[in-house]
Amino acid sequence: MNLFSLLCDGLGNYSSNPPSDILQFGGPILYFVLQTIIAYSLLVWLDSGKPIPAFLRRGGKHRHDPTTTQNSQDVIDEKERVARGPSDELQVIGLRKKYHGAPNVAVDDVSFGVSLGDTFALIGPNGAGKTTTLACIRGMERPNAGDIVVGGHSITKARNQARAFLGVCPQVNAIDPNLTVGQHLWVYGKLKGVPSKPLKQDIDNLLAASGLSHKKDQLALSLSGGNQRKMALAIALIGDREVVLIDEFSSGVDPFSKREAWQTVRLLSK
């Protein structure tokens, strides 16, 4: 706009160059295109867990010394089973994650597999690495070593294909203050690629199973803590994904709502 004002000074002092010239409107348009490419590339890089190109990585891969960790026999057996390459829907293979600047390793040589239809729980004290493990499975954090296979696709090599098999109920509710409960399910269903016709039926079924049918047209932000967690679970389940990750589902809610929320989990997992 400033350039346009300068060119049209009202005195007839116009340039003979075409408007597309780099010194006229071509320059701002070029800057805009370059800024768009750079900003979009930065967004993709951040959303991909800030991966570092192989030629910029320092040193070799971490070598885990099995003599430094005392594992129980069932952990050793599971690690050996996963190493044989089972047909599990979710496979975590030698996962290791250490945050930059942190003194300790967040996740160290974790291996397990979960078959289709099974329920698997990560149990441990605060800071044990449960949320970090789930973040690596989701593709939000890039592991330092190991691999994760979801639906036959490696999360480190084919991230988008692997995430197409995932449904996620995060630890913190992702709520838009301007959307109702039903609109939340509709938006996430469309983002997952569910066709409009079956999506309506899926929303009604999930709301009925979670006891939120009467709150379908209510703003999600006005729900109680327990009902917000139920809605987050319904969002994770919409689209019928093969692997559903649930992180700290009942945290921050009262005992009654916690019991009611877990009953919803048992009902919807059948």
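For the structure, check the block above.
Student: Hey, could you run me through the environment of Leu 223 in this one?
Tutor: Structurally, Leu 223 is set in the loop between helix 7 (196-209) and helix 8 (225-237). Apart from residues no more than four positions distant in its own chain, Leu 223 is found in contact with Val 181, Lys 215, Gln 218, Gln 228 and Met 231.

Student: Got a minute to help me understand the packing of aromatic side chains in this structure?
Tutor: Two aromatic rings are characterised by how far apart their centres lie and by the angle between their planes. Going through the model one piece at a time under the given rule, you end up with 1 aromatic pair. A ring pair is formed by Phe 112 and Phe 120, whose centres lie 4.5 Å apart and whose planes are at 10 degrees; its orientation type is stacked. When its relative accessible area of 6% is taken as the criterion, Phe 112 is described as buried.

Student: I tried to follow the pattern of salt bridges on my own but got confused; where do I start?
Tutor: A side chain with one charge may pair with a side chain of the opposite charge, provided their charged atoms come close. Per the counting criterion, the structure on display carries 5 salt bridges. Among the salt bridges present, the one from Lys 79 reaches Asp 109, with a minimum N-O distance of 2.6 Å. A residue pair is termed long-range when its members are at least 10 positions apart, and Lys 79 in helix 3 (residues 73-83) and Asp 109 in strand 2 (residues 107-114) qualify at 30 residues. Residues joined in a network through salt bridges with shared partners are Glu 78, Arg 81 and Asp 88.

Student: How do you make sense of the nonpolar core when you look at a structure like this?
Tutor: For soluble globular proteins, nonpolar side chains are generally found buried alongside one another. Of all hydrophobic cores here, the largest spans 17 residues; its most connected members are Leu 90, Val 92, Ile 137, Ile 148 and Val 150. For this core, the elements supplying multiple residues, two or more each, are strand 1 (90-97), strand 2, helix 4 (130-138), strand 3 (145-150) and strand 6 (243-246). Residues Leu 185, Leu 206, Ala 234 and Ile 235 belong to the second largest nonpolar core, which totals 14 residues.

Student: What should I look at first to understand the side chain of Asp 88 in this one?
Tutor: Topologically, Asp 88 is positioned in the loop between helix 3 and strand 1. Under the relative-accessibility criterion, Asp 88 is labelled buried at 7%.

Student: Explain helix 6 (residues 181-191) to me, please; I cannot follow it from the model alone.
Tutor: Those residues of helix 6 that fall on the buried side of the exposure criterion are Val 181, Gly 182, His 184, Leu 185 and Gly 189. Looking straight down helix 6, one finds that the buried residues subtend no more than 160 degrees of arc, so they occupy a single side. In this structure, the buried side of helix 6 is in contact with helix 7 and helix 8. Positioned one or two residues after helix 6, Gly 193 has a phi angle of 85 degrees, which is positive.

Calculation criteria
Residues numbered from 1 in each chain as written. Predicted model: local features only at pLDDT ≥ 70, side-chain atom pairs only at ≥ 80, totals over all residues. Heavy atoms only, no water. Helix = DSSP H or I, 4+ residues; strand = E, 2+ residues; numbered from the N terminus. Contact = heavy atoms within 4.5 Å. Phe/Tyr/Trp six-rings, centres within 6.5 Å; stacked < 30°, edge-to-face > 60°. Buried < 20%, exposed > 50% of the residue type's maximum accessible area, 1.4 Å probe, protein only. Salt bridge = Lys/Arg side-chain N within 4 Å of Asp/Glu carboxyl O. Core = buried A, V, L, I, M, F, W, Y, C linked by side-chain atoms within 4.5 Å. Arc of directions from axis to C-beta.

Any functional reading would require information that these geometric values do not contain.
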